[in-house]
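Working through the structure, step by step
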Amino acid sequence: MKKVTAKAPINIALIKYWGKEDELKVIPYNSSLSLTLDNLYTVTTIEESTSGFSFTLNNKVVDGKELKRVYEFLKLFASIEELEKIKVSSTNYVPTGAGLASSASAFAALSIAANKYFNTNYVFDKLSSITRLGSGSACRSLLGGFVAWEKSGMVYQVNSKVNDFVMISVIVDSNKKEISSRNAMAISIKTSPLYKMFVDEANDDFSKLKLALELGNLKEIGKLTKNSALMMHAVMASTNPPIEYLKEKSYEIIDLCDELLELGLYCYPTMDAGANVKILTNEKDFKKIIQMLEKKGFIDYYISRPGEGALIIDEQDS
Ligand code: PMV
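Residues numbered from 1 in each chain as written. Predicted model: local features only at pLDDT ≥ 70, side-chain atom pairs only at ≥ 80, totals over all residues. Heavy atoms only, no water.

**Examining unusual backbone geometry**
For clarity, the cut-off: Helix and strand labels come from DSSP, where a helix needs a run of H or I of at least four residues and a strand needs a run of E of at least two; each type is numbered from the N terminus. Burial classes follow relative accessibility: with a 1.4 Å probe on protein chains only, a residue under 20% of its type's maximum area counts as buried, one over 50% as exposed, and anything between as partly exposed.
The residue after asparagine 240, namely proline 241, is reached through a cis peptide bond having omega -5°. Locating proline 241 in the fold gives a position in the loop between helix H7 (218–237) and helix H8 (248–262). Although it is not a glycine, asparagine 58 adopts a positive phi angle of roughly 50°. Here asparagine 58 lies in the loop between strand E5 (54–57) and strand E6 (60–61). Exposure remark for asparagine 58: the relative accessible area of 31% places this residue in the partly exposed category.

**Side note on the packing of helix H3 (residues 102–117) against helix H4 (residues 124–134)**
Selection criterion: The convention used is that axes are lines fitted to C-alpha atoms, helices contributing only their stretch in contact, and that angles between N-to-C directions extend from 0 to 180 degrees. Any angle from 65 to 115 degrees is called roughly perpendicular, while one under 35 is roughly parallel, one over 145 is roughly antiparallel, and all others are oblique. With the far helix as reference, a near helix turned anticlockwise by less than a right angle produces a left-handed crossing, and one turned clockwise produces a right-handed crossing. Only heavy atoms enter the contact rule, under which two residues are in contact if any of them lie within 4.5 Å. Classification used: nonpolar for Ala, Val, Leu, Ile, Met, Phe, Trp, Tyr, Cys and Pro, charged for Asp, Glu, Lys and Arg, polar for all others including Gly.
Packing of H3 against H4 brings their axes to within 9 Å, and their N-to-C directions diverge by 135°. Judged by the angle between their axes, H3 and H4 are oblique. Crossing angle aside, the handedness with which H3 passes H4 is right-handed. Packed against H3, whose contacting residues are Phe107, Ala108, Ser111, Ile112 and Asn115, the element H4 presents Leu127, Thr131 and Gly134 at the interface. Here the contact of H3 with H4 is composed, by residue class, of four nonpolar, four polar and no charged.

**Remarks on the site of the ligand**
Test applied: The nearness test applies per residue and asks whether one of its heavy atoms lies within 4 Å of the molecule or strand. Definition of a polar contact: a pair of N or O atoms within 3.5 Å, with one able to donate and the other able to accept a hydrogen when the atoms are protein atoms, and with sequence-neighbouring residues admitted only if both atoms are side-chain atoms. Every accessible area reported is derived by Shrake-Rupley at a probe size of 1.4 Å, with residue values counting cover from the shown protein chains alone.
The full set close to the ligand counts 14 residues, and Tyr17, Ser135, Ser137, Arg140 and Ser181 are the nearest of them. Between serine 137 and the ligand, the recorded distance is 2.5 Å, taken from a side-chain N or O atom to an oxygen atom. At a separation of 2.8 Å, an oxygen atom of the ligand approaches a polar side-chain atom of serine 181. Here the ligand loses 92% of its free accessible area of 380 Å² to cover by the protein chains. For the shell around the ligand, a count of residues per class yields six nonpolar, five polar and three charged.

**What to know about the side chain of lysine 226**
As for its position among the elements, lysine 226 is in helix H7. Not counting the four nearest positions on each side in its chain, lysine 226 is found in contact with Asp258, Tyr268 and Pro269.

**Some words on the nonpolar core**
Let me state the cut-off plainly: Joining through side-chain atoms within 4.5 Å is the link that ties buried Ala, Val, Leu, Ile, Met, Phe, Trp, Tyr and Cys residues into a set, and such a set is a nonpolar core.
Counting 32 residues, the largest nonpolar core has Phe53, Leu74, Leu83, Ile86, Val88 and Phe118 as its most contacted members. At the level of secondary structure, the elements contributing two or more residues to this core comprise strand E1 (2–15), E5, helix H1 (64–74), strand E7 (86–93), H3 and H4. Top contributing element to this core by residue count: H3, with nine residues. When sequence neighbours within four positions are dropped, the list of residues in contact with valine 88 reads Thr44, Thr45, Ile46, Phe53, Ser54, Phe55, Thr56, Leu74 and Leu110. Counting residues in each nonpolar core, the second largest holds 28 residues, with Leu37, Val94, Tyr266 and Tyr268 among its members.

**Focus: the sheet that holds strand E11 (residues 268–271)**
Inclusion rule: The criterion for strand pairing is that DSSP finds at least two bridges linking the strands in question.
In space, the four strands of this open sheet follow the order E11-E12-E10-E13, with antiparallel pairing throughout. What marks the edges here is a single partner per strand, and that holds for E11 and strand E13 (301–304). Adjacent strand axes in the sheet meet at a mean angle of 25°, parallel and antiparallel pairs treated alike. Here strand E10 (residues 165–170) pairs with strand E12 (residues 277–282) via six bridges, running antiparallel. Directly across from isoleucine 168, in E12, lies its bridge partner isoleucine 279. Lying on the sheet, helix H9 (residues 286–295) is in contact with E10, E12 and E13; it crosses E10 at an angle near 15°.

**A short note on the environment of glycine 136**
Here glycine 136 is to be found in the loop between H4 and strand E8 (146–149). By relative accessible area, which is 8% here, glycine 136 ends up buried. In this structure, the C-alpha to C-alpha distance between glycine 136 and methionine 271, residues 135 residues apart in sequence, is 17 Å. Setting aside anything within four residues of it in sequence, one finds glycine 136 in contact with Tyr17, Val26 and Trp149.

**Side note on the pattern of salt bridges**
The line we're drawing: Whenever Lys or Arg places a side-chain nitrogen within 4 Å of a carboxyl oxygen from Asp or Glu, that contact is recorded as a salt bridge.
One pass over the full model with this rule turns up 12 salt bridges. Between aspartate 285 and lysine 284 there is a salt bridge; the shortest N-O distance is 3.2 Å. Overlapping salt bridges bring together Lys16, Asp272 and Lys278 as one network.

No statement about biological role is implied by the geometric values presented.
Dropping the structure here:
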């Protein structure tokens, strides 16, 4: 029985991607830069099947649109005939669709599992350009640490002088989001008067963040991170009709981060297409931040550190 299992982490963008210049090739309007996390991930197995193609997510058989999305993606690696001879099962060790980027880890895991299972042997650049067709941000989950996804399509690791970062993901709402990021960003491009400004600023801030990471300029790293998230959410708010992923609790956490920053802690929030707030902090300060979060009733959180990229964890062929 042939069987391949891959594991891929989630990544949290510090400089956000929000919109495609080319929908078909998934070319973003701006470059983005993320941090890969060590303990939130997807594990995906592709194995031989005698009963046709199936896809199971978190032990539940998936059908409809989601099944089609996976099937269409796998057609980039295999023929329909080959696909009818496999089954795919995935487990998300992260709340699905809650703004914790589970589609990024999902498509990164699927991509490297398929590349191995079907012996396509795509080189990294080709594999990353395929992976982003599943979900744009998924191409950043292929690599570990800080990862750049340039507008040109290039995906690569960014050197950082400091590596004791800690990311606290505070769960505000683990329900599935009402509007997918894919649809939401397309409406933003068409209707937000702030969109062009966001893109220009993101491209500038991308270069600034790369430099700040190389120099270990902590304050600058934090400021750029927070600013990019706020800019993206301003674009969402000025989209017509407005897109609002953040909840009252999200704003409470953002305010708490401001208070803690004033007190001298390293504490910068970032938010994606969901209500959860991720806090960029470090080894020195994260325990104090958690104490404060718990005091305010935020007891559901994950503590992550920079992690490695997607990899094959098991392979059998007998
Ligand atoms: O990968 P997508 O198409 O789901 O887009 C995700 C976009 C954000 O998570 C909101 C920002 C980012 O750069 O990850």
